[in-house]
Amino acid sequence: MKLIFLGPPGAGKGTQAQRIEQAFDIRQLSTGDMLRAAVAAETQVGKQAKDIMARGDLVPDAVVVGIISDRIDEADCANGFILDGFPRNVAQAEALDEMLVTKNIVLDGVIELAVDAEVLIGRILKRAAESEGGPREDDTEEALQHRLRVYEEQTAPVAEFYASKGILNTLDGMQDMDEVTRQIQAVLKEI
Ligand code: AMP
């Protein structure tokens, strides 16, 4: 199964993707996690991404499209994958479309987790306070407000992009986590 999880920062995409990864034996591919690993390893990509990520802007499309294209080709993705945090704008969604055609892969569905902005800020500041490895550099209130603005301006239109293809499933991400998981599984049974 080939899926996309869409939703603003703090919507619970990562948590839900990890649960579905286990249940369906498909790989969660988080561009945010991959970029943070690149920053930590001080690779070329990491050096390019570090400051952009710290302020909550998007790293260049070519960088993330390249990362995803390479990752999808790896053997552990043969059974399927969940794109978590990608695509982040319509240009990335179009590049993904082209890439999947080239690779002969069909996207099965897009799950969007909808959460109100006030709820997100509270959730992320809580995550930052409780994080064992210390807070993420972009979990400050200022960077967070910026990430939410970037989401509204650049990522929200991606939902429209998939709605027009008839593969968007929007769920209420403010429900209890287990209920959200249950609803995702119900959607996946139908596709
Ligand atoms: P996330 O962990 O998904 O919240 O991503 C953290 C940060 O990584 C974002 O604020 C961006 O700076 C960068 N990032 C992650 N995914 C993408 C993407 N698909 N396109 C551009 N930047 C991204």
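Check the entry above for the structure.
First, a word on scope: everything that follows refers to the structure included in this document.

1. Points about the site of the ligand
The immediate surroundings of the ligand are formed by 16 residues, with T31, R36, D57, G85 and Q92 found nearest. For the ligand, a nitrogen atom lies 2.9 Å from a polar atom in the backbone of G85. One of the side-chain N or O atoms of Q92 is found 2.9 Å from a nitrogen atom in the ligand. The fraction of the free accessible surface of the ligand (480 Å²) that becomes covered by protein chains is 95%.

2. Quick look at the environment of D76
Here D76 is to be found in the loop between α4 (61–72) and β3 (81–84). What makes D76 partly exposed here is its relative accessible area of 30%. Expressed as a C-alpha distance, the spacing of D76 and I26, which sit 50 residues apart in the sequence, is 7.9 Å. Sequence-distant contacts of D76, that is, excluding residues within four places in its chain, are made with R27 and R71. Looking at D76, its side chain comes within polar contact range of the side chain of R71, at 2.8 Å.

3. Structural notes on the side chain of S69
Within the secondary structure, S69 sits in helix α4. Within the structure, S69 has its side chain in polar contact with the side chain of K103 (distance 3.0 Å). Ignoring anything within four residues of it in the chain, the contact list for S69 reads M99 and K103.

4. A word on the side chain of E21
Looking at the element boundaries, E21 is found in helix α1 (residues 13–24). Here E21 is in contact with I26, R27, Q28 and I82, once residues within four sequence places are set aside.

5. Observations concerning the packing of helix α2 (residues 31–40) against helix α3 (residues 44–55)
As a packed pair, α2 and α3 sit with axes 8 Å apart at the nearest point and diverge in direction by 115°. Between α2 and α3, the angle is such that the two are roughly perpendicular. Considering how the two elements wind past one another, α2 and α3 form a crossing that is left-handed. Side by side, α2 and α3 meet where G32, L35, R36, A38 and V39 of the first sit next to V45, G46, A49, K50 and M53 of the second. Of the residues in the contact of α2 with α3, the class split is six nonpolar, two polar and two charged.

6. So, the pattern of salt bridges
When the charged atoms of two side chains with opposite charge come close together, those side chains can pair. Taken as a whole, this structure holds 16 salt bridges when the rule is applied. For D178, the salt bridge is made with R19, and the minimal N-O distance between the two is 2.9 Å. On the criterion of sequence distance, the pair formed by D178 in helix α8 (residues 177–190) and R19 in helix α1 is long-range, its members being 159 residues apart. On the basis of relative accessible area, R19 is assigned to the partly exposed category, the value being 27%. Each of R127, R136, D138, D139 and R147 takes part in salt bridges that share partners, so that together they form one network.

Quick notes on the rules
- Residues numbered from 1 in each chain as written.
- Predicted model: local features only at pLDDT ≥ 70, side-chain atom pairs only at ≥ 80, totals over all residues.
- Heavy atoms only, no water.
- Near = heavy atom within 4 Å.
- Polar contact = N/O pair within 3.5 Å; in protein donor to acceptor, adjacent residues only side chain to side chain.
- Areas by Shrake-Rupley, 256 points an atom, 1.4 Å probe, with all protein chains shown as cover.
- Helix = DSSP H or I, 4+ residues; strand = E, 2+ residues; numbered from the N terminus.
- Buried < 20%, exposed > 50% of the residue type's maximum accessible area, 1.4 Å probe, protein only.
- Contact = heavy atoms within 4.5 Å.
- Axes fitted to C-alpha atoms, helices over the stretch in contact; angles between N-to-C directions.
- Parallel < 35°, antiparallel > 145°, perpendicular 65-115°, else oblique.
- Left-handed = near helix turned anticlockwise from the far one by under 90°.
- Nonpolar A, V, L, I, M, F, W, Y, C, P; charged D, E, K, R; others polar.
- Salt bridge = Lys/Arg side-chain N within 4 Å of Asp/Glu carboxyl O.

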